[in-house]
Amino acid sequence: MKVTLLPGDGIGVEIIDAAVEVLEAVATKFGFTLEFDKQLIGGCAIDAVGVPLPEATVSSAKAADAVLLGAVGGPKWDNVAPEIRPEKGLLGIRKALGLYCNLRPMTVSNFTAHLSPLRPEQVAGADLLIVRELTGGIYFGKHDEAHLNAEGVEEASDIELYTVPEIKRIARYAFAAARQRRGKVTSVDKANVLASSRLWRRVVTQLQAEEYPDVELNHFYVDNCAMQLVLNPKQFDVILTNNIFGDILSDEASTLAGSIGLLPSASLGDGTGMYEPIHGSAPDIAGQGIANPTATILSAAMMLRYSLKQTEAASAVEEAVNAVMEQGYRTKDLYSEGLQLVSTSEMAALIAAELLK
Ligand code: IPM
Ligand code: MN
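Computed from a predicted structure; not experimentally measured.

Caption draft 1: The overall build of the protein, seen in detail. Secondary structure summary: the protein contains 12 helices and 14 strands in total. A globule of 357 residues ought to have a C-alpha radius of gyration of about 21 Å, and the protein, at 20 Å, matches this closely. A principal-axis box enclosing the C-alpha atoms of the protein has dimensions of 65 × 50 × 40 Å. Sequence-distant contacts in the protein: of pairs separated by 6 or more residues, those separated by 24 or more amount to 74%. Side chains of the protein carry 30 positive and 45 negative charges; the gap between the two charge centres is 6 Å.

In structure tokens, the structure reads:
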């Protein structure tokens, strides 16, 4: 099976190395072979070839069974032209691969509930899945960069647009996911203000009635949802939402788990899927060997499950991560007295060794 690796910028390089070590171990254990092809994306691609998403990256990704990405961006590229920002690489590959469905699971492990900004009893046991639409909405609507209007006043705008087919395909994914979980979808919009949200709500409501009557559906306005996530995160099973609301709510939800260094994600379409940690490139700690590789290793587990159809191997990776945490090993973000502090590569080696036990 072919996997395109996109380390990207900052800690991306270290965490992808860590994930590869674990993938190699799990492949040995379960008797399959992975062929890796490393390509450029983001700031490092701008430095090397002048664009954040080289053609070679897109063609490698399209030819692969899956893509594993680290992170992109950093202050070094803050002042490049908007059309070649590192983030454009990420948005470009999402679009090129048609990755309309972004899955961001958030579970609170017993090992880290005490690190949550919420009281442990409020978050322990929370288990939700954000299903974020990823190739539409305001991210991909018409962007009018800053310019002078007819009155000579400077203005800029971005358009939020959704079509019925776009809403239906992401909503179907959320309903189907809920059937495999606890059977509840919360659809999030701003239908009291936005026309695109009123269409979203109507289409989701109708789809549930016609095709998913067994799944429970409720609707929250995004402002209320942001509040409910901190008041009572355990009320959520699947959260279905658009691109920008999903971006914001998933960062909020990720803090509940105690560290953003633990949370994986999958981006799926009709072809190659892409897997990446939820966190960014953390330029402030890059190269120091202190980044937590767990989110990337768990993203690799999602890749094994969804794209490579290696369900047992996926579960084995997740269990190995848990076992190493259980043994008390922690990277710096999760470390406290009485535990054993390990580096990025030591964490990966421990997880790989656990798999080969
Ligand atoms: C994310 C990131 C990206 C997004 C950025 C880097 C373009 O924040 O994956 O959530 O906004 O989608
Ligand atoms: Mn984001």
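Caption draft 2: Region of interest: the site of ligand 1. Lining the immediate environment of ligand 1, one finds Glu87, Leu90, Arg94, Arg104, Arg132, Tyr139 and Asp247. At 2.7 Å, a side-chain N or O of Arg94 approaches an oxygen atom of ligand 1. Within the contact set of ligand 1, an oxygen atom lies 2.9 Å away from a side-chain nitrogen or oxygen of Arg104. When ligand 1 is considered free in solution it has 320 Å² of accessible area, and contact with the protein chains removes 77% of it. If one sorts the elements of the shell around ligand 1 by residue count, helix α4 (residues 86-96) sits on top with three residues. Each residue belonging to the shell around ligand 1 can be placed in one class, and the counts come to two nonpolar, no polar and five charged. Residue contributions to the shell around ligand 1 reach at least three from each of two domains, namely domain 1 (1-103 + 257-357) and domain 2 (117-256).

Caption draft 3: Spatial organisation of the packing of aromatic side chains. Applying the stated criterion across every chain yields a total of three aromatic pairs. Judged by centre distance (4.9 Å) and plane angle (20°), the rings of Phe175 and Tyr212 are stacked. Of this pair, Phe175 sits in helix α6 (residues 164-179) while Tyr212 is found in the loop between α7 (195-211) and β9 (216-221), placing the two residues 37 residues apart along the sequence. For the residue pair Phe175 and Tyr212, the accessibility class agrees, reading buried in each case. Measuring from ring centre to ring centre gives 5.9 Å for Phe220 and Phe236, while their planes differ by 85°; the resulting arrangement is edge-to-face. Here Phe236 lies in the loop between α8 (222-231) and β10 (238-241) and Phe220 lies in strand β9, a separation of 16 residues in the sequence. The exposure class of Phe236 is buried, given its relative accessible area of 0%. One Lys or Arg, Arg132, reaches over the ring of Tyr139 and ends 5.3 Å from the middle of that ring. A cation over a ring is seen here: Arg169 above Tyr100, with NZ or CZ 4.1 Å from the ring centre.

Caption draft 4: Structural context of a nonpolar patch on the surface. A contiguous nonpolar patch, built from Leu40, Val49 and Val51 and spanning about 210 Å² of accessible area, is present on the exposed surface. Its place among the elements puts Val49 in helix α2 (residues 43-49).

Caption draft 5: Main features of the environment of Ile170. Its location among the elements puts Ile170 in helix α6. Among the residues examined, Ile170 registers a relative accessible area of 0% and is labelled buried. A sequence separation of 69 residues divides Ile170 from Cys101, and the C-alpha atoms of the two residues are 6.2 Å apart. The contact partners of Ile170, leaving out residues within four places of it in the chain, are Tyr100, Cys101, Val131, Arg132, Glu133, Trp200 and Leu240.

Quick notes on the rules
Residues numbered from 1 in each chain as written. Chains lettered and ligands numbered in written order. Predicted model: local features only at pLDDT ≥ 70, side-chain atom pairs only at ≥ 80, totals over all residues. Heavy atoms only, no water. Helix = DSSP H or I, 4+ residues; strand = E, 2+ residues; numbered from the N terminus. Rg over C-alpha atoms; globule rule 2.2 N^0.38 Å. Contact = heavy atoms within 4.5 Å. Lys, Arg positive; Asp, Glu negative; His and termini not counted. Charge placed at Lys NZ, Arg CZ, Asp CG, Glu CD. Near = heavy atom within 4 Å. Polar contact = N/O pair within 3.5 Å; in protein donor to acceptor, adjacent residues only side chain to side chain. Areas by Shrake-Rupley, 256 points an atom, 1.4 Å probe, with all protein chains shown as cover. Nonpolar A, V, L, I, M, F, W, Y, C, P; charged D, E, K, R; others polar. Domains from an automatic or database assignment. Phe/Tyr/Trp six-rings, centres within 6.5 Å; stacked < 30°, edge-to-face > 60°. Buried < 20%, exposed > 50% of the residue type's maximum accessible area, 1.4 Å probe, protein only. Lys NZ or Arg CZ within 6 Å of the ring centre and 35° of its normal. Patch = residues over 30% accessible without salt bridge, like charges linked within 9 Å, V, L, I, M, F, W, Y side chains within 5 Å. Salt bridge = Lys/Arg side-chain N within 4 Å of Asp/Glu carboxyl O.

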